[in-house]
Amino acid sequence: MNGLDTILTKQDLNGDDLVYLLGLQGMQKAQLFEHAASVKASEVGNVVYFRGLIEFSNICEKNCFYCGIRKDNKNFQRYNLSDESILAAAVFAHKNNFASIVLQGGELSSAMFTKRITQLLQKIHKATEGALRVTLSLGEQPKEVFQEWYDAGAHRYLLRVESSNPNLYRKIHPQNPKHRFENRLQSLNDLKDTGYQVGTGVMIGLPFQTPEDLANDILFMRDFGIDMVGMGPYIEHSDTQLYKYRGLLMPQEERFQLSLKMIALLRMVMPKINIASATALQAIDKLGREKALKVGANVIMPNITPGAHRDDYLLYENKPCTEDSADDCKNCLEVRVALSGNTIGYGSWGDSIHFQQRDK
Ligand code: 5AD
Ligand code: SF4
Ligand code: FES
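Below: a short report on this structure. (Residues numbered from 1 in each chain as written. Chains lettered and ligands numbered in written order. Predicted model: local features only at pLDDT ≥ 70, side-chain atom pairs only at ≥ 80, totals over all residues. Heavy atoms only, no water.)

1. Here we look at the pattern of salt bridges
- Taken as a whole and assessed by the stated rule, the structure comprises 19 salt bridges.
- The closest approach of N and O atoms between Glu55 and Lys319, which form a salt bridge, is 3.1 Å. Separated by 264 residues along the polypeptide, Glu55 in strand β2 (residues 52-57) and Lys319 in the loop between β10 (299-300) and α13 (326-339) bring together distant segments of the chain. Accessibility classification places Glu55 together with Lys319 in one group, the buried group.
- One network of salt bridges, in which partners are shared, links Lys62, Glu107, Glu140, Glu162 and Arg184. (Salt bridge = Lys/Arg side-chain N within 4 Å of Asp/Glu carboxyl O. Helix = DSSP H or I, 4+ residues; strand = E, 2+ residues; numbered from the N terminus. Buried < 20%, exposed > 50% of the residue type's maximum accessible area, 1.4 Å probe, protein only.)

Written out as structure tokens, the structure is:
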């Protein structure tokens, strides 16, 4: 056994181990990826679950410093799909045996918005005979709102912590009550208490971020007992405040490789969770999402957003699939998943095994 073999087979990786493993290059990096692939195969199998992604509105009340659709960016068109188009997308997912959808939109909080989502969930349930698992990705909300949406049929929620380091979190968000790290944590806890399968994630390669931060992100996910993770490279956007720090960034290819290492390590630390192969991976590398499936990810989100607005949901530059249709993304990802040596879990909810096994 060499030194790397010894670390890879350790039961509990600590922060120092993770920092060391994040720095691997060449043959040693390949060995890490192989190890993570074997953990994936034995713990969750080489099956990839589809989640039809509906980016139904890019209207957002927040001003995150990294995000292209933040409130104060006036250089693109805002849209808000009708309930009918959203329902049509949900029906597309159901007919194509996806079994799950994700409703994603900018963060809004108002009684009207809460009610709209509740009614939408009820309509989706009716139109698809309750066959779809619905995930929401609608930002921080009061606990009562999480409960209302849970009761209306949403059982999974994605809320990225973005960075588990409060100081870094402060550097990438405005300093005001709408962007408090503590609120983000409170929401994650509220989601867990309400009974959701809880998903989080971070951006990788942010300005000011260190390898220690990333190691701590993984430990944060472990200690919180998260059920699902979607994490990917940070990609600069010229209409955002962080753009001025682009000189501090590592090259995109390095951010990409670091993201693959994060996915591999998370699979080793949390073998039974669901890990998404983030779309942002494909913005850097044409085969980015396949590569993530090979080193530990087991979920992929075909974009099924209908209509002409796909290119208005530009969180970051070079976002893929903006000119494609729901059918295009489905067909394209079928090929990509096959190339990665996985099969698609059509017709199966693919709930997080970690969630099924944890104390509720
Ligand atoms: N690069 C990568 N990911 C981004 N997100 C927002 N802006 C960027 C960017 N510039 C991610 C955030 C958010 C998710 C919806 O998109 O992590 O939670
Ligand atoms: Fe809004 Fe989310 Fe973008 Fe922040 S990251 S500005 S909450 S859409
Ligand atoms: Fe959307 Fe390839 S995944 S076109």
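2. Some points on the site of ligand 1
- With respect to spatial proximity, the complete set of residues near ligand 1 consists of Tyr66, Cys67, Gln104, Arg160, Glu162, Met203, Pro233, Tyr234, Ile235, Leu315 and Tyr316.
- The side chain of Arg160 places a nitrogen or oxygen atom 2.8 Å from an oxygen atom of ligand 1.
- Here an oxygen atom of ligand 1 sits 2.5 Å away from a polar atom, N or O, in the side chain of Glu162.
- Isolated, ligand 1 exposes 410 Å² of accessible area, and the fraction of that covered by the protein chains is 87%.
- Across the shell around ligand 1, the residue classes break down as eight nonpolar, one polar and two charged. (Near = heavy atom within 4 Å. Polar contact = N/O pair within 3.5 Å; in protein donor to acceptor, adjacent residues only side chain to side chain. Areas by Shrake-Rupley, 256 points an atom, 1.4 Å probe, with all protein chains shown as cover. Nonpolar A, V, L, I, M, F, W, Y, C, P; charged D, E, K, R; others polar.)

3. Some thoughts on the site of ligand 2
- With respect to spatial proximity, the complete set of residues near ligand 2 consists of Cys60, Lys62, Cys64, Tyr66, Cys67, Ile69 and Arg70.
- In the shell around ligand 2, the residues fall into five nonpolar, no polar and two charged.

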